Amino acid sequence: SAYCAAAAALLLYSVAGLLVNAFVVTTIPSASSSSHIVLNAKVIRVCQSPGCRDDGAQSTLDSLTALAAPGCQVMKGGCVSGCGSGPVVEILPDGEDVMTISSIKRKKVKGDALISLLDELSDEETDISSSMRQRLIMGYEHALEAKAAYEAKDYQAAIQLYEDAIQIARNPAMALEEARASVGGDNYDSVKGVNWLVDSFRNSCRARLAMKDIDGARRDAFAATVFSQNTDADALMCLAEVCQASKDTMGELQATKAAIAQYQRLEDEYSKPMPGKDAVARAEAAKIKSNASTVKRELGFRIVKLERELKASS
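Small disclaimer: the values here were computed from a predicted structure and weren't measured. (Residues numbered from 1 in each chain as written. Predicted model: local features only at pLDDT ≥ 70, side-chain atom pairs only at ≥ 80, totals over all residues. Heavy atoms only, no water.)

Our focus in this paragraph is the sheet that holds strand β2 (residues 72-77). Two strands in a sheet stick together by hydrogen bonds in their backbones, pointing the same way (parallel) or opposite ways (antiparallel). One open sheet holds the 4 strands; their spatial order is β2-β1-β3-β4, and the pairing between them is mixed. Each edge of the sheet is formed by a strand with only one pairing partner; in this case those strands are β2 and β4 (104-106). On average, adjacent strands in this sheet sit at an angle of 25 degrees to one another, irrespective of strand direction. Where strand β1 (residues 42-47) meets strand β3 (residues 89-93), 5 bridges bridge the pair, whose relative direction is antiparallel. By the bridge assignment, Ile 44 is partnered in β3 with Ile 91. (Pairing = 2+ DSSP bridges. Helix = DSSP H or I, 4+ residues; strand = E, 2+ residues; numbered from the N terminus. Axes fitted to C-alpha atoms, helices over the stretch in contact; angles between N-to-C directions.)

Encoded structure:
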């Protein structure tokens, strides 16, 4: 359709980032009081050792990234000798030399323990309100259920659960991001915290495509690009897939070119030296770089095919 081509063209000219303002809640309510673990900003490191990963450390990392209060910098961490009690989370004051201070360590941080930690990390002066935080957590949990349904190919259930998750949590999620940006300043990554929303829109898009709901898939694909501020290659590929399903060759070509640009960005980013990073971090970077390079090359073949189709039809 003409809509696909227009949307893809917008993406190529990087205006999707401007449209994200339509989804942002500009008023940040005051939060209810809660206890502090440490004062000021905090660094939250989630152990990614094999044992902790087996205990669900990736899920804990994703949850803290999505839900942690403003002022919390969530990142992957190394082993802290808590094997058998994972996922283990380490909390440190931001800006301190981690080799000279005693960190706070929490074990088995999942389920109720994770919710309790989120409450303790909250700062009443900068966090969203307790009611909005409850809605955010509820919506996030719905999204986890939706993802399980999507992976089980129960697409109808996944679509409904994603709709519920987005309806419940979209505004609280964007309010939290605005509060985080206010605390974090110019260097804050405003996309990272809403990756779960981008993932929700992407999966909902593909579930709708499987159910032949092209219009719904188009809406979800475009929302995914907006929330990722035009930086998520897979969101752009969702848009390309919608254009392909609607036989919009020009739209698919433009969206695919935009996706290639983002894969190139990833390849460049993860080709940089990583001083101070451990072997696990270097291996992960090499994997991301290799995957980006492979997908980019495959999409290049698709570009050639689409350009030939357009030339033949002109």
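Once the structure has been displayed, the description carries forward.
Here we come to the pairing of β1. Most of β1 sits inside the fold, with 5 of its 6 residues counted as buried. Across 6 bridges, the pairing between β1 and β2 is parallel. Paired with Cys 47 across the bridge in β2 is Gly 77. (Buried < 20%, exposed > 50% of the residue type's maximum accessible area, 1.4 Å probe, protein only.)

Attention now moves to the environment of Glu 252. Its relative accessible area of 6% is what places Glu 252 among the buried residues. When the C-alpha positions of Glu 252 and Leu 239 are compared, they lie 7.3 Å apart, and in sequence the two are 13 residues distant. Excluding residues that lie within four positions of it along the chain, Glu 252 makes contacts with Ala 240, Cys 243, Gln 244, Arg 302 and Leu 306. (Contact = heavy atoms within 4.5 Å.)

For the rest of this paragraph, the subject is the pattern of salt bridges. When their charged atoms lie close together, side chains carrying opposite charge are able to pair. Enumeration according to the criterion identifies 21 salt bridges in this entry. A salt bridge links Glu 120 to Arg 106, with the shortest nitrogen-to-oxygen separation between them at 2.9 Å. Of this pair, Glu 120 sits in helix α5 (residues 112-121) while Arg 106 is found in strand β4, placing the two residues 14 residues apart along the sequence. Between Glu 177 and Arg 180 there is a salt bridge; the shortest N-O distance is 2.6 Å. (Salt bridge = Lys/Arg side-chain N within 4 Å of Asp/Glu carboxyl O.)

Viewed as axis vectors pointing N to C, helix α8 (residues 195-210) and helix α10 (residues 233-245) meet at an angle of 20 degrees, and their least axial separation amounts to 10 Å. As summarised for this structure, α8 and α10 are arranged roughly parallel, according to the angle between their axes. The hand of the α8/α10 crossing is left-handed. Of the residues in α10, those in contact with Val 198, Arg 202, Cys 205, Arg 206 and Leu 209 of α8 are Asp 234, Ala 235, Met 237, Cys 238, Glu 241, Val 242 and Ala 245. Its residues placed into classes, the contact of α8 with α10 shows 8 nonpolar, no polar and 4 charged. (Parallel < 35°, antiparallel > 145°, perpendicular 65-115°, else oblique. Left-handed = near helix turned anticlockwise from the far one by under 90°. Nonpolar A, V, L, I, M, F, W, Y, C, P; charged D, E, K, R; others polar.)

At their nearest, the axes of helix α6 (residues 130-151) and α8 sit 10 Å apart, and the two run at 40 degrees to each other. Where α6 crosses over α8, the handedness of that crossing is left-handed. Contacts from Leu 136, Gly 139, Tyr 140, Ala 143, Lys 147 and Tyr 150 in α6 reach Trp 196, Asp 199, Ser 200, Asn 203, Arg 206 and Ala 207 in α8.

To continue, consider the packing of aromatic side chains. Evaluation of the coordinates by the stated rule reveals 3 aromatic pairs. Judged by centre distance (5.8 Å) and plane angle (55 degrees), the rings of Tyr 150 and Tyr 155 are tilted. (Phe/Tyr/Trp six-rings, centres within 6.5 Å; stacked < 30°, edge-to-face > 60°.)

With 35 residues, helix α12 (residues 279-313) ought to run about 51 Å at 1.5 Å a step, and its terminal C-alpha atoms sit 51 Å apart, in line with that. All of the buried residues in α12 are Ala 285, Ala 292, Val 295, Lys 296, Leu 299, Ile 303 and Leu 306. Those residues of α12 that are buried are in contact with α10 and α11 (249-269). (Expected span 1.5 Å × (residues − 1).)

What follows deals with the pairing of β3. Judged by how many residues are buried, β3 sits mostly within the fold: 4 of 5 residues are covered. Sheet topology places β3 next to β4; 3 bridges connect them, and they run antiparallel. When the bridges of β4 are listed, Val 89 appears paired with Arg 106.

Attention now moves to unusual backbone geometry. Here the amide bond leading from Gly 86 into Pro 87 is cis, since omega sits at -5 degrees, within 30 degrees of zero. The topology assignment puts Pro 87 in the loop between β2 and β3. Positive phi outside glycine occurs at Lys 153, with the angle close to 65 degrees. Residue classification places Lys 153 among the exposed positions, given a relative accessible area of 62%. Backbone geometry at Asn 230 places phi at a positive 65 degrees, although glycine is not the residue there. Looking at the secondary structure, you find Asn 230 in the loop between α9 (214-227) and α10. Here Asn 230 falls in the buried class, since its relative accessible area comes to 9%.

With that settled, consider the state of the cysteines. Under the counting rule described, the total for this entry stands at 0 disulfides. The thiol of Cys 238 is unpaired, and the distance to the nearest cysteine sulfur, on Cys 205, comes to 4.3 Å. Residue class for Cys 238 comes out buried when judged on its relative accessible area of 0%. (Disulfide = S-S within 2.5 Å.)

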